[in-house]
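Here's the letter readout for the chains.
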Amino acid sequence: MDNIQVFMRIRPLSEDEYKRDRTTESAVRMLADNVVSIPSQRTENFTFDFVGNEACTQGEVFDAVGRRAVERCIQGYNGTIFAYGQTGSGKTFTMQGARDEFTGPDDELRGLIPRCFEHLFTRIAEEEERTGGLVKYLCRASYIEIYNETIYDLLDPITRTCAMREDIKRGVFIDGVTEETVQDPTEAYDVFVRGATNRHVSATSMNRESSRSHSVLMLVIQSLTQMDTGLTEIREARFNLVDLAGSERQKLANTSGMRLKEAANINKSLSTLGNVINSLVDIGNGKSRHVNYRDSKLTFLLRDSLGGNSVTFIIANVSPALCNDAETASTLRFAQRAKMIRNKAVVNQDMQGNVPQLQAEIQRLKTQIAHLRSAQPGAGNGAALSPASTLRASAAGDPRILGGMAAAGAEAADHASKEHQTTQFLLILAMRKLRETERQKARYSEIILELRGALNRYRLQHQQQKLVLKLKNTEIATLRRNAPIGY
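Residues numbered from 1 in each chain as written. Predicted model: local features only at pLDDT ≥ 70, side-chain atom pairs only at ≥ 80, totals over all residues. Heavy atoms only, no water.

### Brief notes about the overall build of the protein
At step 1: Helix and strand content of the protein: 12 helices and 19 strands.
At step 2: Looking at the protein residue by residue over its 487 residues, the buried ones come to 43%.
At step 3: A separation of at least 24 residues holds for 71% of the contacts in the protein among residues at least 6 apart in sequence.
At step 4: Carbon and sulfur atoms form 52% of the exposed surface of the protein, whose accessible area is close to 26600 Å². (Helix = DSSP H or I, 4+ residues; strand = E, 2+ residues; numbered from the N terminus. Buried < 20%, exposed > 50% of the residue type's maximum accessible area, 1.4 Å probe, protein only. Contact = heavy atoms within 4.5 Å. Areas by Shrake-Rupley, 256 points an atom, 1.4 Å probe, with all protein chains shown as cover.)

### A word on the pattern of salt bridges
Side-chain pairing between opposite charges can occur once the charged atoms of the two side chains come close.
At step 1: Tallied over the full model, the rule gives 19 salt bridges.
At step 2: Residue Arg165 is joined to Asp175 by a salt bridge in which the shortest nitrogen-to-oxygen separation is 3.7 Å. Pair noted here: Arg165 is in strand β10 (residues 161-167) and Asp175 is in strand β11 (residues 171-175), with a separation of 10 residues, a long-range link.
At step 3: In this structure Asp175 comes out as partly exposed when scored by relative accessible area, which is 37%.
At step 4: Members of the salt-bridge network, linked through shared partners, are Glu71, Arg123, Glu126, Glu127 and Arg130. (Salt bridge = Lys/Arg side-chain N within 4 Å of Asp/Glu carboxyl O.)

### Points about the layout of surface pockets
At step 1: Computed from the structure, the largest pocket encloses a volume of approximately 1400 Å³.
At step 2: Along the wall of the largest pocket there are 47 residues; nearest its centre are Lys169, Arg170, Glu236, Arg238 and Asn348.
At step 3: Elements with a contribution of two residues or more to the lining of the largest pocket: β8 (135-147), β11, β15 (214-226), β16 (232-243), β19 (349-352) and α12 (399-482).
At step 4: Counted by class, the lining of the largest pocket contains 15 nonpolar, 14 polar and 18 charged residues. (1 Å grid on protein atoms, 1.4 Å probe; cavity = no way out; pocket = protein on both sides within 12 Å on 5 of 7 lines; lining within 4 Å. Points joined across faces, edges and corners; volume = space filled by probe spheres on them. Nonpolar A, V, L, I, M, F, W, Y, C, P; charged D, E, K, R; others polar.)

### Describing the nonpolar core
At step 1: Membership of the largest hydrophobic core comes to 48 residues, with the highest contact counts inside it found for Met8 and Phe48.
At step 2: It is helix α7 (residues 258-284) that contributes the most residues to this core, seven residues altogether.
At step 3: Setting aside residues up to four positions removed in sequence, Phe48 forms contacts with Val6, Met8, Asn34, Val36, Leu332, Ala335, Gln336 and Lys339.
At step 4: By size, the runner-up hydrophobic cluster in this structure holds 43 residues, among which are Phe7, Cys56, Ala69 and Met95. (Core = buried A, V, L, I, M, F, W, Y, C linked by side-chain atoms within 4.5 Å.)

### Description of the sheet that holds strand β3 (residues 29-32)
At step 1: The antiparallel open sheet is built from three strands, whose spatial order is β3-β4-β5. Each having just a single partner strand, β3 and β5 (46-47) make up the two edges of the open sheet.
At step 2: Looking at chain direction, strand β4 (residues 35-37) and β5 are connected through two bridges and run antiparallel. Looking at β5, one finds that Val36 is bridged to Phe46. (Pairing = 2+ DSSP bridges.)

### A look at the environment of Asp107
At step 1: Its location among the elements puts Asp107 in the loop between α3 (91-95) and α4 (112-130).
At step 2: Looking at Asp107, the relative accessible area reads 9%, which means it is buried.
At step 3: As a C-alpha pair, Asp107 and Gly97 span 10 residues in sequence and 9.3 Å in three-dimensional space.

### Description of the confidence of the model for the protein
At step 1: In this model, the protein carries an average pLDDT of 81, and 79% of its residues clear a pLDDT of 70 or more.
At step 2: Note that residues 203-209 has pLDDT below 50 and, in this model, 20 contacts with residues that lie over four places away or in other chains.
At step 3: The low-confidence segment residues 379-397 (pLDDT under 50) makes nine contacts with residues lying over four places distant or belonging to another chain. (pLDDT = per-residue confidence, 0-100.)

### Here we look at helix α9 (residues 325-338)
At step 1: With 14 residues, α9 extends 20 Å from end C-alpha to end C-alpha; this agrees with the ideal 20 Å at 1.5 Å per step.
At step 2: Among all positions of α9, only Asp325, Glu327, Thr328, Ala329, Thr331, Leu332, Phe334, Ala335 and Ala338 are buried. (Expected span 1.5 Å × (residues − 1).)

### Focus on the packing of α4 against helix α5 (residues 185-196)
At step 1: At their nearest, the axes of α4 and α5 sit 9 Å apart, and the two run at 150° to each other. By the angle class used here, α4 and α5 are roughly antiparallel. Read as a crossing pair, α4 and α5 show a hand that is right-handed. Between α4 and α5, the contacting residues are Ile113, Pro114, Phe117, Glu118 and Phe121 on the first element and Pro185, Ala188, Tyr189 and Phe192 on the second.
At step 2: Considering only residue class, the contact of α4 with α5 consists of eight nonpolar, no polar and one charged. (Axes fitted to C-alpha atoms, helices over the stretch in contact; angles between N-to-C directions. Parallel < 35°, antiparallel > 145°, perpendicular 65-115°, else oblique. Left-handed = near helix turned anticlockwise from the far one by under 90°.)

### Some details on the pairing of strand β17 (residues 311-318)
At step 1: Along β17, eight of the eight residues are buried, which leaves the element largely enclosed by surrounding structure.
At step 2: A two-sided burial pattern is seen for β17, the buried positions comprising Val311, Phe313, Ile315 and Asn317 on one face and Thr312, Ile314, Ala316 and Val318 on the other.
At step 3: Sheet topology note: the strand β2 (residues 5-10)/β17 ladder contains six bridges and is parallel. Bridge pairing in β17 links Val6 to Ile314.

### A short note on the environment of Thr47
At step 1: Turning to its location among the elements, Thr47 is positioned in strand β5.
At step 2: A relative accessible area of 38% places Thr47 in the partly exposed class.
At step 3: Once the C-alpha coordinates of Thr47 and Asn34 are considered, the two residues, 13 residues apart in sequence, prove to be 5.8 Å apart.
At step 4: Excluding its chain neighbours within four sequence positions, the residues that come into contact with Thr47 are Asn34, Val35, Gln336 and Lys339.

### Focus: unusual backbone geometry
At step 1: Positive phi, close to 60°, is recorded for Arg22, a residue that is not glycine.
At step 2: Turning to its location among the elements, Arg22 is positioned in the loop between α1 (15-21) and β3.

### A few points about the side chain of Ser319
At step 1: Of note, Ser319 is situated in the loop between β17 and α9.
At step 2: There is a polar contact of 2.8 Å between the side chain of Ser319 and the side chain of Glu17.
At step 3: In terms of polar contacts, Ser319 uses its side chain to reach the backbone amide nitrogen of Ala321, at 3.2 Å. (Polar contact = N/O pair within 3.5 Å; in protein donor to acceptor, adjacent residues only side chain to side chain.)

### Concerning the packing of helix α2 (residues 58-74) against α4
At step 1: For the pair α2 and α4, interaxial distance at closest approach is 9 Å and the crossing angle is 45°. With respect to their mutual orientation, α2 and α4 come out oblique. Where α2 crosses over α4, the two elements pack in a sense that is right-handed. Counting all contacts with α2, which are made through Gln58, Gly59, Val61, Phe62, Gly66, Arg67, Val70, Glu71 and Ile74, the residues of α4 involved are Leu112, Arg115, Cys116, His119, Leu120, Arg123, Ile124 and Glu127.
At step 2: For the contact of α2 with α4, the residue count by class is eight nonpolar, four polar and five charged.

Shown next as structure tokens:
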């Protein structure tokens, strides 16, 4: 089990913030390489896995977060990177880079997303070359946003609204979302740019191009390996790059009308995210809590990233301005709580083959297990000497025979070691499938309880409506009886 990794990034002071505060003093004080505090808010010290100051570069952020996430996805683990913080704190810059200034791999201001694309396909090419083509990779990309609690497909602007579904095998997924196969960083970045142009953004007092929605760029990375036994090993990793909409105080953002409604939905969604994290922290401390993943589309879609099967990183973006110290402290408290969550990440792998191949593999494993049991110390005490023992005894005086026997023994030991490793791998895979089945059963039991509760509420409402209708009909009938003749 791994804790969520948290990277804190302090962006440089903006010109507007300098005009407002009339000082270049930073609200965030660095106490050590990974320890900070906010003296003006009299907060406790905050400790994170990484802390980047105002001079932190895009490359340093990628080396600390993006590179590690991509490496785990190549190994078959699910991965998620969140960018969290108040509006205008640099989340989109961290994830995407400078708007309208991306010039390719040599652009030093490009963000995590293009850098992850570049490293991902570089590693895929290395793995395919290392295995001589025995391993094949396939990548698919989709891009959605959650705007006012509605899911939109950013790659299909015409039929954009999508529904969220849950399946016992696939887990939570977006039904009907556009998925495009990408084979190199250029194709992947093209998908990202086309989706980014369809995002909901608008200007506020704190940000000229404030994101008014949560965006999730989803990559599915599959690898297929042909094994000597004829079976196919399949690994599938889901890599989510999440740019959260920023929390904002209406007093500073000066929003109204539709912008105010958007801000209310953003803050409500982020509040639900905070409640989910608090519940998971309580569970980690041994308390019994119900985790309200379903209270928000964001938390329900990314439930595996929070306390589930994923290697998760959070980048907490903050402003150093004194006028934003309360929001900065709130962001750091959120990030510190999230750091206490422990995920249960496992390699997503499976075996495929036809029925005869699987039957042959099962029989081979049974034979291997029987052989390993018979080879245990003490097995067969008092029995007659085996043919191998007889051969060793007869060859005691011949060095050539002994040398040949040693080579054969080493080869047999190496073969037995490989067979033992394969057996262990398949047994571990079976145990993981069993645990996943039990986890799915528990999840669906929770869903059934929620549905039963909803059904009982609907039944009660139906009974109340029937009673009201009955009373109205009685009243109408009484009025008709008492009405004057000919009325």
